[in-house]
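Analysis of the macromolecular model
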Amino acid sequence: MGIEKVGVVGFGAMGSGIAQVCAVAGFHVRVRDVEQRFLDRGRDRIAESLARIVKAGRLTDEQARAALGRIHGTLALADLADCDLVVEAVVEEIGAKNAVFAELDEVCGPAAIFTSNTSSLTIVEMATATRRADRFAGLHFFNPPMMMRLVEIVQAITTSDATIEVLRSFVSRLGHTGVVSRDTTGFIVNRLLQPYLNSAVRLLEQGVATAEQIDAAMKLGLGHPMGPLELIDYTGVDIIYHIGNIFFEEFRDPALAPPSLLRRMYLAGRLGVKSGRGFYEYDVKGKRKT
Ligand code: 3HC
């Protein structure tokens, strides 16, 4: 089965990035969010990102306009009825995700494939809430999806090999690289990333080095584009804190539990770039001040 029409549920940072990647690759995309202002904000975010790509000479103005024209926002999940593939990117809560999938299961055709962009939840728990557990998988993009070329394709114990093959071919049509992972909490990247980010926060807590020194060490010493504390600010302190709790719940490994400082930053609303302050301070455009 070929994929032509893609549905995306949730027009936040990840949903808008995923919609953008699909539209740039030539797919028609229907995106659903719950309020018009979220649809408007997602569209603005895509227009801004496309403008940067045009400026960098990687797309023409015309290609960018055509990509934007292939994205249609809606407030109704029923408008995703004729999609061949749906990527869910709503909040990281099993109840919210399963409610979306239950409704989609009623409106979409039986052959449609459902996927979740979850970072830390269990795919089989969502798959079995639908009547198409064999056509259900994880499709995990990385932030920002236009720049990060990896997609983890997650095979739950219920996912058919045929579904994985369709998703492999879809991901390569996006110009991304697909890596297949089993349905274990955190898959490959976050399973390795989470203890690394926690360790960086613990080094800071223990006064081993300053935030700047920790980030400079990892950028210059290992060639990473961002240091670990910058990456937490970029991804969101709330996201990393929330993922840490889910990981700890699953594995009971203290290395995966969110460090005290991260919890306190979360409680204080120091969420990183999006709140203007995390480990560093940012202006309203998200540019680093300190
Ligand atoms: N859209 C389009 N183009 C973009 C872009 C975006 N969102 N972000 C960066 N670019 C392009 C632009 O051409 C930009 O040039 P411009 O500033 O003149 O427009 C160029 O990249 C360089 O960007 P920056 O100067 O902002 O900075 P960098 O060179 O550091 O690149 C970055 C930005 C690509 C985000 C790079 O820092 C990076 O790769 N960081 C690591 C990100 C990462 O690790 N992501 C994974 C997070 S984990 C995750 O997502 C999993 C989840 O489950 C938690």
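Residues numbered from 1 in each chain as written. Predicted model: local features only at pLDDT ≥ 70, side-chain atom pairs only at ≥ 80, totals over all residues. Heavy atoms only, no water.

1. Points about the overall build of the protein chain
Formally: The numbering of helices and of strands both runs from the N terminus, where a helix is a DSSP run of H or I of at least 4 residues and a strand a run of E of at least 2. The quantity called the radius of gyration is restricted to C-alpha atoms. Its globule counterpart is 2.2 Å times the number of residues to the power 0.38. In these tables, accessible area is a Shrake-Rupley quantity obtained with a 1.4 Å probe, and a residue counts as shielded only by the protein chains included in the view. Charge convention: Lys and Arg are scored as positive, Asp and Glu as negative, and His as well as the terminal groups of each chain are ignored. To locate a charge, take NZ of a lysine, CZ of an arginine, CG of an aspartate or CD of a glutamate.
Summing up its helical and strand segments, the protein chain has 11 helices and eight strands in all. Taking 290 residues into account, the globule formula puts the C-alpha radius of gyration at 19 Å, and the protein chain, at 19 Å, falls close to it. When the accessible surface of the protein chain is summed, it comes to about 13700 Å², and 54% of that surface belongs to carbon and sulfur atoms. The distance from the centre of the 33 positive side-chain charges to the centre of the 34 negative ones in the protein chain is 5 Å.

2. Topic: the site of the ligand
To be explicit about the condition: It suffices for a single heavy atom of a residue to lie within 4 Å of a molecule or strand for the residue to be listed as near it. Think of a polar contact as two N or O atoms within 3.5 Å of one another; within protein, one of them needs to be a possible hydrogen donor and the other a possible acceptor, and neighboring residues in sequence only count if both atoms come from side chains. In the scheme used here, Gly and all other residues not listed as nonpolar or charged are polar, with Ala, Val, Leu, Ile, Met, Phe, Trp, Tyr, Cys and Pro taken as nonpolar and Asp, Glu, Lys and Arg as charged. Where each domain starts and ends comes from a domain assignment, either automatic or drawn from a database.
Taken together, 19 residues sit near the ligand, with S49, R52, S119, H140 and N143 positioned nearest. Contact between the ligand and N143: a nitrogen atom at 2.8 Å from a main-chain N or O atom of the residue. Isolated, the ligand exposes 1000 Å² of accessible area, and the fraction of that covered by the protein chains is 69%. When grouped by side-chain class, the residues that make up the shell around the ligand number 11 nonpolar, six polar and two charged. Built from parts of two domains, the shell around the ligand gets at least three residues from each of domain 1 (5–182) and domain 2 (191–275).

3. With respect to helix α7 (residues 189–205)
Spelled out, the test is: By this rule, a helix spans an expected 1.5 Å times one less than how many residues it contains. When accessible area is computed with a 1.4 Å probe and restricted to protein chains, residues below 20% of their type maximum are described as buried, those above 50% as exposed, and intermediate ones as partly exposed. Along the arc lie the directions from the helix axis toward the C-beta atoms. It only takes one pair of heavy atoms within 4.5 Å for two residues to be counted as in contact.
Between its first and last C-alpha atoms α7 spans 24 Å; for 17 residues at 1.5 Å apiece the expected length is 24 Å, and the two agree. The complete set of buried residues in α7 reads N190, Q194, L197, N198, A200 and V201. Seen along its axis, α7 keeps its buried residues to an arc of 155°; they face one direction. In this structure, the buried residues of α7 make contact with β6 (136–141), α8 (211–222), α9 (228–235), α10 (237–251) and α11 (260–267). Positive phi shows up at G207, right after α7, with a value of about 70°.

4. Points about the environment of T185
Mapped onto the elements of the fold, T185 is located in the loop between β8 (177–182) and α7. Note on T185: relative accessible area 4%, which makes it buried. When the C-alpha positions of T185 and I246 are compared, they lie 8.4 Å apart, and in sequence the two are 61 residues distant.

5. Points about the environment of F279
Assignment of secondary structure puts F279 in the segment after α11. Sequence separation between F279 and R252 is 27 residues; the distance between their C-alpha atoms is 27 Å. In contact with F279, not counting residues within four places along its chain, are V201, L204, L229, I232, D233, L261, L262 and M265.

6. Quick look at the sheet that holds strand β1 (residues 5–9)
The condition that has to hold: In this description, strands pair whenever DSSP reports at least two bridges between them. Helix axes use the C-alpha atoms of the stretch in contact, all axes being lines fitted to C-alpha atoms, and the angles between their N-to-C directions lie in the range 0 to 180 degrees.
Spatial ordering of the open sheet is given by β3-β2-β1-β4-β5-β6-β7-β8, a layout of eight strands whose pairing is mixed. The open sheet terminates on both sides in strands that have one partner only, identified here as β3 (71–74) and β8. Between one strand and the next, the sheet's axes are offset by a mean angle of 25°, whatever the strand orientation.

7. Observations concerning the side chain of E230
Here E230 lies in helix α9. There is a polar contact of 2.7 Å between the side chain of E230 and the backbone nitrogen of G227.

No statement about biological role is implied by the geometric values presented.
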